[in-house]
Amino acid sequence: MNPTLYINGVWRNSSNGGRHEVRSPHDGSLVASVAQASIDDVMEAIAAARACFDSGVYSSWSWTQRSALVSKIADLLERDASIVAKKESDDTGKRLIEAEYDVADVVATFRHFAALGLVEQDHVVDVGIEHVTSRIVHEPVGVCSLIGPWNYPLLQIAWKVAPALVAGCSFILKPSELTPQSAIHLIKLIEEAGTPAGVANLILGPGSVVGNALTTDPRVDLVSFTGGLTTGKTIMVGAAPTVKKLALELGGKNPHIIFADADLDAAIDNAVTGVFLHSGQVCSAGTRLIVERSIHDRVVKEIVRRAADIRMGGPADLTAETGPLISESHLKTVEKYVAAGIAEGAKLLIGGKRSERPEHAHGWYFLPTVFDGCNTSMHCVQEESFGPVMTIEVFDTEAQAIAIGNDTIFGLSGGVWSRDTDKAARVAGALRHGTIWVNDYGPYRPQAEWGGYKQSGIGRELGSHGLGEYLEIKHIWTNNSPSRSGWFHDAVGGES
């Protein structure tokens, strides 16, 4: 059996012989068999990361050395892009071309952080005292547990691994048990690049088995997690006793607002993409379409027409525009979500069920779905389906659009469409979400921060703050002309 755990520089199988089968969401076929870690394996990985960090074998490297390492990893990823994309496509069921785009973004992420590591982080503060040097320095936070999701497996892992390496941290990486193959290959490239043993450790398995140890162990200094809100809350509770640093991205229920004066052709096209790309399995999906009343009928009619024309298929289907859901259990979750929406009064216009096409019979395909007549009191508006489901709400005034857009416990992203630049700027400024797209929806770049308000999470990834999450800030005050403080009376000193 191929060893797929990586602990202290050694590839190995689980200590208890556990294995996990990875199945294709397209047809249920076996795409990989990987080791499933035991708790003992997790403890060894944590111990290896802790010992490595405390030894200084990597954390003592200069910023330039660490940036060069991350740049080399980017080169290796670029070399193996087609291999990695195939693994990602096999695991997720997404079209190969989407996986290729994702891998290109992964390379860009590593290059961004490699470049950021060459920017001077430390600086001197002028405290107004001539003989005092006051320096602010940045040091690695320590040992990190990095826990990734299944929808963009390698990309969202890269958002964690690249800054952790540039910062000088050691880490234990746990990808989703549903999509482990690209993470395994990444660790092979990290090893090939010359990373010291113990810096990078890979644990595979479900969070229910290995997650608690990764998030509660006192030897872990930071937990970075991308995933569901419920799990995020559990991690917060587990991290509290040791007051670990947390970086959490917990999804969203994202408003996509279209004003009557918008470029409607572009707005509608982006609205369709914003919900149905990757079958809605995107944390920033614009699943809440909020439309000005005067254009409601026109927009909805076109949305439904476009949704009906979406071509679904597996990784090898060159005509496909989107693919299956990740698993049968997730498909059942989306089915329950749709049934609940209907029960509470949402009007189902299209979809709402799994595909009945013969070529989809063995996969987990769910039809693009549109609900009309929705409002913020409905669970289907407030809760994240993580599937291809759009809800449509209406507004009459700018203030109503803002109020509806903010009426959510989440705050990850949102979109605003209007030709009135002042109005668009006002609405973008008023929406309580971490990313707002104006007359666009969905693009991001590694140079700009990503993260959410409210229950969408804590902290930021990407940008410069994405590196800052993996750093501690230390103030070093040096008195270059030391003298007695003279604060307390000292008879002996006073007489001398």
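Structure: see above.
The text that follows walks through the structure, step by step, so that each part is easy to find. (Residues numbered from 1 in each chain as written. Predicted model: local features only at pLDDT ≥ 70, side-chain atom pairs only at ≥ 80, totals over all residues. Heavy atoms only, no water.)

The next subject is a nonpolar patch on the surface. On the surface, a nonpolar cluster with roughly 310 Å² of combined accessible area is contributed by Val125, Val127, Ile129 and Trp477. Tracing the chain through its elements places Val127 in the loop between strand 5 (123–125) and strand 6 (132–140). Since its relative accessible area comes to 32%, Val127 is described here as partly exposed. (Patch = residues over 30% accessible without salt bridge, like charges linked within 9 Å, V, L, I, M, F, W, Y side chains within 5 Å. Areas by Shrake-Rupley, 256 points an atom, 1.4 Å probe, with all protein chains shown as cover. Salt bridge = Lys/Arg side-chain N within 4 Å of Asp/Glu carboxyl O. Helix = DSSP H or I, 4+ residues; strand = E, 2+ residues; numbered from the N terminus. Buried < 20%, exposed > 50% of the residue type's maximum accessible area, 1.4 Å probe, protein only.)

Let us now look at the sheet that holds strand 5. Across the sheet, which stays open at both edges, the three strands sit in the order 5-6-20 with antiparallel pairing between neighbours. Either end of the sheet is taken by a strand with one partner, and the two such strands are strand 5 and strand 20 (471–479). Sheet twist, expressed as the average angle between the axes of neighbouring strands with direction ignored, equals 30°. Bridging between strand 5 and strand 6 involves three bridges; their strand directions are antiparallel. Note that in strand 6 the partner of Val124 across the bridge is Arg135. (Pairing = 2+ DSSP bridges. Axes fitted to C-alpha atoms, helices over the stretch in contact; angles between N-to-C directions.)

Before going further, it helps to spend a moment on unusual backbone geometry. Even without a glycine there, the phi angle at Val243 is positive, about 50°. Assignment of secondary structure puts Val243 in the loop between helix 8 (229–239) and strand 11 (245–249). Given a relative accessible area of 69%, Val243 falls into the exposed group.

Pairing is mixed in the open sheet, where seven strands are placed in the order 14-15-16-13-12-17-18. Both edges of this open sheet fall to strand 14 (347–350) and strand 18 (435–438), since each of them pairs with a single strand only. For this sheet, the mean inter-axis angle between neighbouring strands, taken without regard to orientation, is 20°. Of the pairings in the sheet, the one linking strand 14 to strand 15 (residues 369–372) comprises three bridges and is antiparallel in character. Paired with Leu348 across the bridge in strand 15 is Phe371. Contacts from helix 9 (residues 264–276) reach strand 12 (255–258), strand 13 (288–292), strand 15, strand 16 (389–395) and strand 17 (413–417) within the one sheet, and its direction differs from that of strand 16 by about 140°. (Contact = heavy atoms within 4.5 Å.)

Once that is clear, we can look at the packing of aromatic side chains. Enumeration over the complete set of coordinates arrives at eight aromatic pairs. Both rings, one in Trp150 and one in Phe386, keep their centres 5.4 Å apart while their planes meet at 85°; by these two values the pair is edge-to-face. With Trp150 in the loop between strand 7 (143–147) and helix 5 (153–167) and Phe386 in the loop between helix 12 (379–382) and strand 16, this pair connects stretches of sequence that are 236 residues apart. No difference in accessibility class separates Trp150 from Phe386, as the two residues are buried. Note on Trp437 and Trp450: the rings are 6.1 Å apart at their centroids and 40° apart in plane angle, and the pair reads as tilted. In this pair, Trp437 sits in strand 18 while Trp450 sits in the loop between strand 18 and strand 19 (457–458), placing the two residues 13 residues apart along the sequence. Taking the relative accessible area as the measure of exposure, Trp437 reaches 7% and is therefore buried. Every member of this aromatic cluster is reached through a ring pair, and the members are Trp159, Trp437, Tyr441, Tyr444 and Trp450. (Phe/Tyr/Trp six-rings, centres within 6.5 Å; stacked < 30°, edge-to-face > 60°.)

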